Amino acid sequence: MDTFPLISCVMPTYGRPEFVDESLAMFLAQDYENKELLIVNDCPGQKFVGEFPQVRIFNCEKRFKTLGEKRNFAISQAKGEWISVWDDDDIYMPWRLSFSMQEIAAFETPLYRPYEYWAYWGDAQLHHNQAIPGWISHPLVTFYRELWEASGGYPHITLNEDSGLFRKMHEFLGSDWLTYPIERADRYMIMRCASLYSHTSIAGGKRPPNTSPGTIEISPRPIQDRLLRHAAEGIIEQHSSASKTSSFKPSPAQEMLGKGWLESVRTRPHLDDRPIESQSVGFGALGRHGRLGYDGKQVIVGGKHVRHALSAHAPSDVKFRVDEGYDGFDTYVAINDDAIGKATSADFFVLVDGEIKGCATNVIPGDPPRRIFVDVEKGQTLELRTQTRRWSHCHSVWLEPTYCCSKPNAQQQRTFIDCLRRAEVSQPEVPEQEVDLCISTVVSPGYEGWLQTFLESLRVNGACKDALIAVVCFGTNSKIDLLIQQYGAIKVSCKSLVNVNMTSKSVLYSMGKIVPAKKYLCFDTDMVVLGSLREVVASLDLFCKSSVLICRDAANISKLGHALTGLYGSDRDSLKSLAGPSAVRCLDFPLVVNDGFFLASRPALNSVDELIRSFPGAVDWIEEKSQAIPWRNQFVFNLALAKLGTAVEIDQSMNWQLNHRSLELDGETGTVRTTSMGTPLKVIHFNGGGRNRYPILREQFHRDSHLESPSQACMATSTVRRAQSKNAECREPRFVICSSLRTGSHMLATAFDQHPKLKVAGEILVRPKLFGLGENKNSPEGELLVINESFQKFNGCIIHRQHLGAIQHLGEMPDLKIIFLRRRNWLAQLVSEIRAHQTNVWHVAPEGVNYLSNDGSSKPEQSPPQLTISVKRCIQFLQDQNRLDLLALKHLSGCARLTVAYEDLQWNWKEAIQEALQFLEIDEVPLAPVTLKQGFPAYQSVANYDEIAHFFSNTRWDVRPVDQMSKWAREPLKTVQ
């Protein structure tokens, strides 16, 4: 019996001896053994007597001034560490104590109050009642005695003394109103609302208390009210037939109960107990404490009922205030089991102060729970957000959402095991402030030469001088340590748990948990950097935070299923053991990647790490053929990206794999290009059979070599070209307005042309003759001639991003400035483009004088007919725009660049135009726009606007009506130099 905590049931009573007898019988019938009942009778002259096991009677000669004082006295006499309120007039089922302790252990709560109970109003039919604020719930509760002490006990009042205690308890715990779900068959109390005696808080009966003096021998007896007794017997019968055990079973959580347990609960609170700042859910209501917010169902994942859970049907957003004293937030996410077999999925995001810090994407029914852990130190607000592409049955749930104190103290060892259990990683000493970019690679003794080549090429060409370089070391020696020191890198020491081989580099998949940074750029050591990495790092901001930028494998395998059998020597059955049955869906995934180079934000990389950890057989599958196929980790990485749906393919010049490809060396310029397209290469990967090819490329980066590196040759060539260009008759300053569809390029160009020191042309590659230029032959050479000729006559011109060849030439021109135009409101951009096609209103001007038309946006007398735009067309439009933006940024990385938003030209013309003139380094004079948009906003122009808004809600592409986005539209985009 001592295994179970002692529960003290406190029964204050006054003038209701009949009820005391009935309540005594209910206590003795309890199936929980370690219990006691304290009966406190303060009716003067009236004395209760009786001897019963585990029952103590207190007859007070003087009546307490208030009921609050009476209850405090009863608890002060209690011996138990848990207190159960045991009011004399209410009906308690035999499982009340055992069930309460079972739930206390499951929820780890110091205050247990079930959400539902029965009420008796004198009818044969019982009524359903809920324990909500402002209504009676006190007779239900069981609480930790230390919580009563810490809260200061009941206030000294007679009415609402229970509400006063609850308020103090919730304030002490920092929690919201605590109630916990209970099945209908497990309800353990009937509140006696209709009785003989009058009640302090509800009508009750009409008989006054029986205060007759004398000695009253109490003895257990059944409920005397026939209807009430039959109702109670029916509940007991239903409970028995439900085939549920009501006897208390010890659990690990229960064993923690004791000294210090209350404080441990306070320092690791569950979010379903915390106050909510705001909430919105896609269907039903927000479910708490293991309840779904609809249909009266429970949160069940993997066949198990999860007691601490938040159910928020996607799309949803639930916001909490981050309490002081916590530095971490930990949770698991999943789709509830009742959605298994349904075609739906959810993306989960955790935001701290509005910034995404953790995510788990493409979670489908039947997937095992995925973990998200984020740092909330110094944060003010925490948001739990879900998105979905299929709303129906998207029963997204947050499991065990908990604040915690995660940082190790000085005595704790700072070690970490990676997601594929390759090594025990010693976390390095790093700056507490999160760095913007961490560049990582892996090395072991014997690869010092490769490490030197990589680090030197990164230093010379990478253009990432502010990045934190982390070298993950599987063993070390003096040369490795010296290289790390010379290049200002940090050392991440690893104790290998398996034989060191190619799979060891998978530690990089877990870098987000080893070194704190906003972005991670991870390389194999056998790579050489030949170009700037700055633009590809900047391009990550164009995509969702969950994106991973990656290059396709040079083997050009069309499907992941083909790679599984051809590259990794496995089959479908083994795949099910590796990652579960749902992994079979990924076999048709069309992007097979090489993990020698990948770029991701911290939330995205941590999402990959956690998903790989959830694969039940990943480690065994890798070890199965670790000798014959020591690169199986790469398939696990591919599988994770396929399941997450977050892989973004980038140009293969960022990971040119020499095991399947060749390249060309330009001796005159020092550039290295592809053999087919002639594209300059940024990163060369000496993998597999390409390990010993083109040794000159590696030798150029040996620090003791006198050979000139490719980048140095390029710099020399650029110097010569710059000197030549100075002798040419070019107008200064020289700039290009690099525009996309409907981004206000002609509005800006026309305004610039008003400046006394500027002469600006329009779209010279579309209509060169309009501006007195030679004919464009629609070839790279022809475009270059037109561009060069234009700079003899004009300071600037407009070139659309669709002219990729011309954009590439621009990136090679010295002293050229780029004004990069974009639109924030992409739907308005698409509407404008469609309208232009329908009305045939384009930027055409007679005789090339006033080449800005009204952009088709002058205010019409009547509203134009509404458009219906398919979601598919929206997605294609966004993909096309992203691709052109990314390629343009890549080619223009060497130019000074100012990004201007179309919305800024509309809302903040004066500030935007003055900022542009400052960028061009010319006198700031007032310039008036020829036209400003006065047309109908997108949300009034699109018939199916609600459908599009719902599909893209809570994503990077969230649609916002113009009349609701004025503040947002006025936020300036950052200047990128």
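For the structure, see preceding data.
The following paragraphs examine the structure supplied in this document. All figures in this text were calculated on a predicted structure; none of them were measured in a lab.

### Side note on the packing of aromatic side chains
Item 1. In total, this model carries 26 aromatic pairs according to the counting rule given.
Item 2. An angle of 90 degrees between the planes, with centres 5.9 Å apart, marks the rings of phenylalanine 27 and tryptophan 86 as edge-to-face. Within this pair, whereas phenylalanine 27 is found in helix α1 (residues 17-28), its partner tryptophan 86 is found in the loop between β5 (82-85) and β6 (91-92), the two being separated by 59 residues in sequence.
Item 3. Residue class for phenylalanine 27 comes out buried when judged on its relative accessible area of 0%.
Item 4. The interplanar angle of 55 degrees and the centroid separation of 5.4 Å between the aromatic rings of tyrosine 568 and phenylalanine 635 together place this pair among those described as tilted. Remark: phenylalanine 635 occurs in helix α16 (residues 633-644) and tyrosine 568 occurs in the loop between α12 (560-566) and α13 (572-579); sequence separation between them is 67 residues. The pair tyrosine 568 / phenylalanine 635 is uniform in exposure class, with both members buried.

### Considerations on the environment of proline 581
Item 1. Take proline 581: it is sitting in the loop between α13 and β32 (593-601).
Item 2. In sequence terms proline 581 and glycine 366 are 215 residues apart; their C-alpha atoms lie 8.9 Å from each other.

### Notes on the sheet that holds strand β2 (residues 35-41)
Item 1. Overall, mixed pairing links the six strands, which are arranged β4-β2-β1-β5-β10-β7 in an open sheet. Both outer strands of the open sheet, β4 (55-59) and β7 (111-112), are each paired with one neighbouring strand and no more.
Item 2. Where β5 and strand β10 (residues 142-144) come together, three bridges link them in antiparallel fashion. Following the sheet pairing, isoleucine 83 is matched in β10 by phenylalanine 143.

### Overview of the pairing of strand β21 (residues 370-375)
Item 1. A one-sided burial pattern is seen for β21, the buried positions being Arg370, Ile372 and Val374 and the unburied ones Arg371, Phe373 and Asp375.
Item 2. Sheet topology note: the strand β18 (residues 328-335)/β21 ladder contains six bridges and is antiparallel. Along β21, the bridge assignment pairs valine 333 with arginine 370.

### Observations regarding the packing of helix α21 (residues 804-811) against helix α23 (residues 871-891)
Between two packed helices, the angle of one axis relative to the other and the distance separating the axes together describe the packing.
Item 1. Close contact between α21 and α23 brings their axes to 8 Å; oriented N to C, the two are set at 25 degrees. Considered as vectors, α21 and α23 are oriented roughly parallel to each other. Counting all contacts with α21, which are made through Leu804, Ile807, Gln808 and Gly811, the residues of α23 involved are Arg883, Leu884, Leu887, Ala888 and His891.

Criteria and cut-off values
- Residues numbered from 1 in each chain as written.
- Predicted model: local features only at pLDDT ≥ 70, side-chain atom pairs only at ≥ 80, totals over all residues.
- Heavy atoms only, no water.
- Phe/Tyr/Trp six-rings, centres within 6.5 Å; stacked < 30°, edge-to-face > 60°.
- Helix = DSSP H or I, 4+ residues; strand = E, 2+ residues; numbered from the N terminus.
- Buried < 20%, exposed > 50% of the residue type's maximum accessible area, 1.4 Å probe, protein only.
- Pairing = 2+ DSSP bridges.
- Axes fitted to C-alpha atoms, helices over the stretch in contact; angles between N-to-C directions.
- Parallel < 35°, antiparallel > 145°, perpendicular 65-115°, else oblique.
- Contact = heavy atoms within 4.5 Å.

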